[in-house]
Amino acid sequence: MGRAGFDIVRSTHRGGVDDFIPFEATMRAARAAGLSVGDHIDQVMNGTPGATQHTIDELRALGVFAGDPKTVLEIGPGSGRYLEKTLKECSPARYEIYETAAPWADYLVETFGVVARPTEGSSLAPTPDDSVDLVQAHKVFNTVTFLCAARYFFEMARVTRPGGRIVFDVMTETCLDPDAVRTWATKGGTGHGSYPAALPRSTCVDLFATLGCTLQGSFLAPLGVASTEVLVFAKDA
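Residues numbered from 1 in each chain as written. Predicted model: local features only at pLDDT ≥ 70, side-chain atom pairs only at ≥ 80, totals over all residues. Heavy atoms only, no water.

**Quick notes on the sheet that holds strand 6 (residues 213-223)**
So, step 1. Spatially, seven strands are ordered 3-2-1-4-5-7-6 in an open sheet, and the strand pairing comes out mixed. Looking at strand neighbours, the two that pair on one side only are strand 3 (115-116) and strand 6, the edges of this open sheet.
So, step 2. Two elements, strand 6 and strand 7 (residues 226-235), share ten bridges in a ladder whose sense is antiparallel. Bridging from a neighbouring strand, A221 pairs with T228 of strand 7.
So, step 3. Against the sheet, helix 3 (residues 51-61) contacts strand 5 (160-170), strand 6 and strand 7, and its axis sits at roughly 160° relative to strand 6.
So, step 4. Strand contacts of helix 6 (residues 146-159): strand 1 (71-75), strand 4 (132-137), strand 5, strand 6 and strand 7, with the helix running at about 150° to strand 5, the strand carrying the most contacts. (Pairing = 2+ DSSP bridges. Helix = DSSP H or I, 4+ residues; strand = E, 2+ residues; numbered from the N terminus. Contact = heavy atoms within 4.5 Å. Axes fitted to C-alpha atoms, helices over the stretch in contact; angles between N-to-C directions.)

What follows is the structure, given as structure tokens:
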């Protein structure tokens, strides 16, 4: 299988989602194409050149990096394509990751010097309350079950310090007009376990309001054959 570019890996995701991006095959393909891992995933695997940078640019415009966050936590960084670009926007003294795919977690620790926390796929228990300036998750909550996402939401609010930011994307009703639904149904393949998962925008906004977090802005980003909505919250000081 390795000669054909495939890896056999044990799934560690509890939401029914296997490793979408196999480590060895992806690294080989990126090297062969002369691209960074992130650019290879955007350009070749996803067919959305510049998508990751677009998200970072939008976050910058919303002031997410303006305070130069000193502690960052990322859930499900995977290949590290958002992590790498985040580190170009700010210089945190500590960058924690919760990643269930061990090969990618090891790669990120070795390459970027981040701290990999032990994870079971639904909790940020090792991280203390009110200790993180920026908590983010990209292309995570549209790939897991509702309960997995909801449990992470409570944890994200818990670990974020007052005045800190919370960034994540979900496939909301904003992304699901009739044309988008038709595209998913006819061109989205067979799906992949719980992917793609939709979640009402109001559910996210109302829940985080009860947790002392205010929506500061949102924008659309590519997801598969359609889009996902990135939400930016600030935890009340």
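**Points about unusual backbone geometry**
So, step 1. With an omega dihedral of -5°, the bond running from Y195 to P196 counts as a cis peptide bond.
So, step 2. Its place among the elements puts P196 in the loop between helix 7 (178-187) and helix 8 (201-210).
So, step 3. In this structure, D130 takes a positive phi of about 50° despite not being glycine.
So, step 4. In this structure, D130 sits in the loop between strand 3 and strand 4.

**Section: the packing of helix 1 (residues 23-33) against helix 2 (residues 37-45)**
Packed helix pairs are specified by the crossing angle of their axes together with the interaxial distance, meaning the distance between the axes.
So, step 1. Packing of helix 1 against helix 2 leaves a shortest axis separation of 9 Å and a crossing angle of 90°. Judged on the interaxial angle alone, helix 2 and helix 1 are roughly perpendicular. Where helix 1 approaches helix 2, its residues T26, M27, A29, A30 and A33 are matched on the opposing element by V37, H40, I41 and M45.
So, step 2. Looking at side-chain class alone, the contact of helix 1 with helix 2 contains seven nonpolar, two polar and no charged residues. (Parallel < 35°, antiparallel > 145°, perpendicular 65-115°, else oblique. Nonpolar A, V, L, I, M, F, W, Y, C, P; charged D, E, K, R; others polar.)

All quantities given are derived from atomic positions and should not be read as evidence of function.
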